[in-house]
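As a plain string of letters, each chain reads:
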Amino acid sequence: MKEVNANFNAQSIEREVQEYWRIHDTYKTVKKYRSAGKPFFFVDGPPYTTGNIHLGTAWNKILKDSILRYHRMCGLNVIDRAGYDMHGLPIEVKVEQELGFKSKKDIEKFGIRSFIEKCREFAIGNKFLMDDQFASLGVWLDFPNAYQTVQPEYIEAAWWTLARAEEKGMLERGHRVVNWCPRCETAIADAEVEYWDEKDPSIFVKFPLTGKQDEYLVIWTTTPWTLPANVAVAVSEEIEYAKVRATKDERGEYFWIAEPLVRSVLKKGRYQDFTILEKKKGSELRDWKYDSPLQEHVPLQRDIDHKVVTADFVTLENTGIVHIAPGHGWDDYMLGIKEGLCVVCPVDGAGRFKEEAGAFAGQYVKDSNENVLIALGDHLLAKETVIHRYGHCWRCKTPIIFRATSQWFLKASEMRDLMLSEVAKVTWYPEWAGSARFYDWIKEARDWCISRQRYWGIPIPVWVCLKCNKYRVIGTLKELKEAGGKPLKDPHRPFVDEVTIPCNCGGTMKRVEDIFDVWFDSAVASWATLGFPGKTEEFNILWPADFITEGQDQTRGWFYSQLGASIIAFGRAPYRSVCMHGFALDAEGKKMSKSLGNVVTPEEVIAKVGVDVLRLYVLSSSAPWDDLKFNWEGVGTTNRAVNILWNVYRFPLPYMILDTFEPSNRDGVWDGAYIRAHLSHMPDEDRFIISRINTVAATVDTALKECQLHRATRELVNFILEDLSRWYVQLVRPRMWSEGESVDKRHAYETIYYIMRRLISLLAPFCPHLTEEIYQNLRCGNDPASIHLLDWDAGDPVLIDGSLEHAVDIVRSFDDACANARQAGKRKLRWPVSEVVVVTNSAPVKDAIERLNAVCRDRANARKVSVVAGRWERIGWQAEPVMKVLGKGFGKNSFKVRGLIEAADGNHLKVEIESGRTVKLGAGVDVFEIGAEHVTFSEKLPADIYSATMPDATVYVDVRLDEDLEKEGYEREVIRRIQEMRKQLDLVVSEFISVEVLINDLRIYNLLKNDSNHTIAGEVLAVVPDKGILFSFLKPGDKLRTHDSIKDWEIEGATETVSMTIGISRAGD
RNA sequence: GGGCCCGUAGCAUAGCCCGGUGGUGCGCCCGGCUGAUAACCGGGAGGUCAUGUGUUCGAAUCACAUCGGGCCCA
């Protein structure tokens, strides 16, 4: 053990500890030590390699690390391979920006090979950056061996999974409507669409009914550009539609509109008047024919047989008639299939109209809105603008469009039931994350479009024959080598595109150009990380994962994608338990974003308070599944608690070292056996704190099993502050100061050593650096080389004494009450009091005060602490007049009576009245008879008795001074000043001094002069071996010698302020 | 528009499942302590428990609605 003088400096401690881990390869040692344990298969949700981590990412990894450290200490062999998600559009977009590219044509010109090399560099560069950032958080995952989605064996896992999908008939090549980014020119997944408000036209359009004069169906849309692709309108079977004759400027027209909406629609069209002519149910409108209002401008529209269909998604909004373009809408498309409508999509991948769109050819769809309105001419009934939520590409922020294209799908909708039943088998933290949130999401599961028309991703391993159009799914690199005839080093584009496979028909198969949706990459992580399918040994033992934890956004993301892929591959959920955590928000509960300028980075926090404080803060400030409102004040509070832990740790060290204390051990290994062996002989405060740490251990363990990291950490912080710092350390201090050998001191040392060892090992999963630092200083010679090699201790029930813990609680209340009463009596704690009386009828209070009487006397600084049941005889009663009653009975004499009552002997009055008698007060003619109705009684404390209440009891403090008490009070005052001066002189605790105290008050001088110098000298080390007492009092008028330090003091005594001059000098020479 | 979660003093939170006097920490004010001391302790002030309605003898807690925040979806 070495002494610790320095104040707590998180940064330097953490730096040193990390260096220690690096030199000793502690992480590997721990892993090896636990390698024979029961496996605990954890899968790291791979962060995307975009560069800097933010607070949310840090929180995520801190949660993981803390939980895994706990499991390791519990003896489990934790599989903790880290992972990185390194493909996909976000990286492509970044690289495109770097290279100044605007479209896919630029990439093709640049060369796919060069382009993906840039992407690879970008991803790998960021991976290394992030490795360092995670390591700086003290996160122990296997980073050097992290799984990376760009590695060939990882890609193989994805291929293998797709082959299983094909085998089970879950893969489909389909013409479908998908979310499409016109800038990236690719399909994007539902998960990749971001929504925010956008201003769009809101138009009402007249569709002329075939063969009728001036008779129209009225539809509404916010996307005029989809009108060239209109093939039908939908009505609701249930809604009633009205035919109205509407007039505007003398001209009459006939409209069909949902009856309840007629008025509002016509008002928008500025029609002055209308008459309802007839009403029909939607079902009666079925199969009516109409013509496109754009047929003059869009040639393809002339060949379409437009008709009215019914659909259940039509509601009573706008006009109650919905424009249907199966080429540009999901619902539209599904309806089109059901109704046999043709699918028209006159828009290309870049979002421009094709030739068949006639007048609009070449125009970008969003830009064409205005032209469509012009082309509609008189068919435009009304035009407004609307602000509504619209989808955007998550990377480039371009508004998406819906396009019918040929894509590859996994039939997720067919797996819905199996997914739901599998999810029910998973343990969720919190429970509702699975039973409510995830369940609801899966219920809505749609087929998953896994193809993207891009470059940097896992190529879809499907080869299609150019001749017979048959396709084949390749599941492994080996299979490809056999089929294609040559090995493939890098399975990325464009290399994989060069491989052709001969088809049975004699033709040649070429790979489809698509790559996988990047969500499919991470979906296979739980087996890819085990090297499956290339290696199967670990997979067979470990899979599925025991535990994963990610943010709530991963409900639709990784929780879902993994489940889908796993159902396809293995027919079951890939994880046994899932902890869903919240988001890191700013102090106002708003999302952190660059534009709001409210971003707090992990680095900032670390620079201020260090990693362990950051860790403890994020873990304790909210439940994992609640959002974390980041608050600097909270960080400061946590920092303070850690600082107190540090002070508690370093406080006993100088004494232990002075006494060359060595904790009892067996062959250099500490085992805590001393405590068990000596517990029954130890003082109550020791037994209390020993009991507490074991209770806390049990609580922490229970909380951790339920993923309640906030409860675990709060319990520990609370223990440090309340039980250890504010209670135990206060009580144990005098035993540390005592000189020479004593059993008492030995017990104190063993106890505090035991507490520190137990405490830091409970805290180790959350604050791995600080606890390691303390451990290294405390550990015995043959103890494990790192705290992280210790076994978890969930509390020893034998050492727990619940009734003692409860008794201490009561004594703490007593302590508070004493301080309160003293404050009322203006008697400083430094000044002793003769007696404190606790009046109570509560047996537990009585027992506690009596059992812990020595502690009570010490805390109260009282000569005597006693318990009285019922009443304390020194408490008297004060009679108080009830003026309302007095007024009625005594009229103008009331004032006189009041005075008499107040002056009366309350005790006597109360006895009489309570025994049913009346009392006559006053003299001569002014005698009044007082009854029960005239008075109430309140406690009357004798002078110098002050009281305060505590639960189930009242505490009375007698602050009267006698000569002895006053003398001790002044002694304490003098001692306190001398200690202060020692401190200012920077004296070592054990350094001797000589002292002169000049007291400018003869009475006080006389009070102290006789023997107080002995008492004080002993406390301030002014008794020097061989030289005797070097302490003297001087009376008023005397002069001090020269001293190292001389100071004047004003001391507030019991009745007067006394000025003193104190001089102290080193006694050494 | 829908699903899930959250809303408690200036700030952060416990309590809510299972109804019965709203606790705690920070900050603030007053006082104390002093061989952990750029620490520590006590006391005090401070609350429409987001709002409204309902159920109930009784609601922070249960139900419904509204408002605000977060995540996800349409």
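All residue numbers refer to positions counted from 1 along the written sequence of the respective chain. Working convention: letters from A go to chains and numbers from 1 go to ligands, in the order in which they are written. Thresholds applied to this predicted model are a pLDDT of at least 70 for local features of residues and 80 or more for the giving and counting of side-chain atom pairs; totals over whole chains, interfaces and linings are not thresholded and use all residues. To obtain the side-chain values, all non-hydrogen atoms of the structure were included, while hydrogens and water were left out.

### So, the overall build of chain A
Condition: Each helix is a run of DSSP H or I of at least 4 residues and each strand a run of E of at least 2, with the numbering of both proceeding from the N terminus. Radius of gyration means the value over C-alpha atoms here, while the globule rule gives 2.2 Å times the residue count to the 0.38 power. Relative accessible area decides the class of each residue, using a 1.4 Å probe on protein chains only: under 20% of the type maximum gives buried, over 50% gives exposed, and in between gives partly exposed. Throughout, a contact is declared for two residues whenever any of their heavy atoms are within 4.5 Å. In this description, accessible areas are obtained by the Shrake-Rupley approach with a 1.4 Å probe, and a residue is regarded as covered only by the protein chains that are shown. Two residue types count as positive, namely Lys and Arg, and two as negative, namely Asp and Glu; His and chain ends fall outside the count. Charge positions are represented by NZ for Lys, CZ for Arg, CG for Asp and CD for Glu.
Within chain A, the secondary structure is distributed over 37 helices and 42 strands. Since a compact globule built from 1069 residues should have a radius of gyration of about 31 Å, the 42 Å found for chain A marks it as more spread out than a globular shape. The principal-axis extents of the C-alpha atoms in chain A amount to approximately 125 × 90 × 55 Å. The buried share of chain A, reckoned over its 1069 residues, is 57%. Across chain A, contacts joining residues at least 24 apart in sequence account for 76% of those joining residues at least 6 apart. Roughly 46100 Å² of accessible area belongs to chain A as shown, and the carbon and sulfur atoms make up 49% of that amount. Counting 137 positive and 155 negative side-chain charges, chain A places the averaged centre of each group 2 Å from the other.

### Let's talk about the environment of Ala-311
Mapping Ala-311 onto the fold places it in the loop between strand 13 (307-310) and strand 14 (322-324). When its relative accessible area of 7% is taken as the criterion, Ala-311 is described as buried. Along the primary structure Ala-311 and Glu-237 are separated by 74 residues, whereas in three dimensions their C-alpha atoms are 7.3 Å apart. What Ala-311 contacts, discounting residues up to four positions off in sequence, is Ala-234, Val-235, Ser-236 and Leu-335.

### Let's talk about the domain arrangement of chain A
Our working rule: For the domains described, the bounds stem from an automatic or database domain assignment.
According to the domain assignment, chain A contains domain 1 (34-159 + 520-581), domain 2 (197-395), domain 3 (614-787), domain 4 (807-873 + 944-958), domain 5 (876-940) and domain 6 (963-1066). Taking only C-alpha atoms, the centre of domain 5 and the centre of domain 6 are 55 Å apart.

### A look at the pattern of salt bridges
Put simply, the rule is: The term salt bridge refers to a pairing of a side-chain nitrogen on Lys or Arg with a carboxyl oxygen on Asp or Glu at a separation within 4 Å.
Evaluated as defined, the whole model comprises 71 salt bridges. Its salt-bridge partner being Glu-117, residue Arg-120 comes within 3.2 Å of it at the nearest N-O pair. With Arg-120 and Glu-117 both in helix 6 (residues 112-136), this residue pair falls 3 residues apart, about one helical turn. Glu-912 is paired through a salt bridge with Arg-917; the nearest N and O atoms lie 2.8 Å apart. When salt bridges with common partners are traced through the structure, they connect Arg-692, Glu-715, Asp-723, Glu-805, Asp-809 and Arg-812 into a single cluster.

### A look at the packing of helix 22 (residues 632-650) against helix 26 (residues 709-737)
How we decide: Axis lines are fitted through C-alpha atoms, for helices just across the contact stretch, and the angle between N-to-C directions can take any value from 0 to 180 degrees. Should an angle fall under 35 degrees it is taken as roughly parallel, and over 145 as roughly antiparallel, whereas 65 to 115 is taken as roughly perpendicular and any remaining angle as oblique. Left-handed describes a crossing whose near helix is turned anticlockwise from the far helix by less than a right angle; the clockwise case is right-handed. Throughout this entry, Asp, Glu, Lys and Arg are counted as charged residues, while Ala, Val, Leu, Ile, Met, Phe, Trp, Tyr, Cys and Pro are counted as nonpolar. The remaining residues, Gly among them, count as polar.
At a minimum axis separation of 10 Å, helix 22 and helix 26 run at an interaxial angle of 40°. Our classification of the angle between helix 22 and helix 26 gives oblique. Where helix 22 crosses over helix 26, the handedness of that crossing is left-handed. The residues of helix 26 that touch helix 22, namely those facing Arg-640, Ala-641, Ile-644, Leu-645 and Val-648, are Val-717, Ile-720, Leu-721, Leu-724, Ser-725, Arg-726 and Val-729. When its residues are assigned to classes, the contact of helix 22 with helix 26 shows 9 nonpolar, 1 polar and 2 charged.

### A look at the sheet that holds strand 5 (residues 171-181)
Threshold: Two strands are counted as paired when DSSP detects at least two bridges linking them.
Pairing is antiparallel across the open sheet formed by 4 strands, whose spatial order is 6-5-16-18. Edge strands, defined here as strands with exactly one partner in the open sheet, are strand 6 (186-188) and strand 18 (448-449).

### Comments concerning the side chain of Glu-185
Relative to the helices and strands, Glu-185 resides in the loop between strand 5 and strand 6. Despite its burial, Glu-185 remains without a salt bridge, the nearest opposite charge being carried by Lys-104 at 4.7 Å. Dropping the residues within four chain positions of it, Glu-185 is found in contact with Ser-103, Lys-104, Trp-180, Gly-349, Ala-350 and Gln-453.

### What about the protein's contact with RNA strand B?
Applicable threshold: We define proximity as follows: a residue is near a molecule or strand when any one of its heavy atoms falls within 4 Å of that partner. Any pair of nitrogen or oxygen atoms within 3.5 Å is treated as a polar contact; in protein, a donor-acceptor pairing is required on top of that, and neighbouring residues in sequence qualify only through side-chain atoms on both sides.
In the region of RNA strand B, 51 residues are neighbours, and Asp-440, Arg-556, Arg-650, Arg-726 and Val-989 sit closest. Counting only the atoms of RNA strand B within 4 Å of the protein, the fraction contributed by sugar and phosphate is 76%. The separation between a phosphate oxygen of RNA strand B and a polar side-chain atom of Arg-733 is 2.9 Å. Contributing elements (two or more residues each) for the surface near RNA strand B: helix 14 (431-443), helix 22, helix 26, helix 29 (802-824) and helix 35 (963-984). Among the elements that line the surface near RNA strand B, the one with the most residues is helix 26, at 8 residues. Of the residues contributing to the surface near RNA strand B, the split by class is 17 nonpolar, 11 polar and 23 charged.

### Some details on the pairing of strand 33 (residues 926-930)
Look at any regular strand and the pattern is simple: side chains alternate between the two faces of the sheet. Judged from the 5 bridges that link them, strand 32 (residues 919-923) and strand 33 form a sheet pairing that is antiparallel. Bridged to Gly-922 within strand 33 is Val-927.

### Quick notes on helix 35
Note the cut-off: Multiply 1.5 Å by the residue count of a helix minus one, and that product is the helix's expected span.
Between the first and last C-alpha of helix 35 there are 32 Å, a value that for 22 residues agrees with the 32 Å anticipated at 1.5 Å per step. Asp-986 occupies a position one or two residues after helix 35 and carries a positive phi of about 65°.

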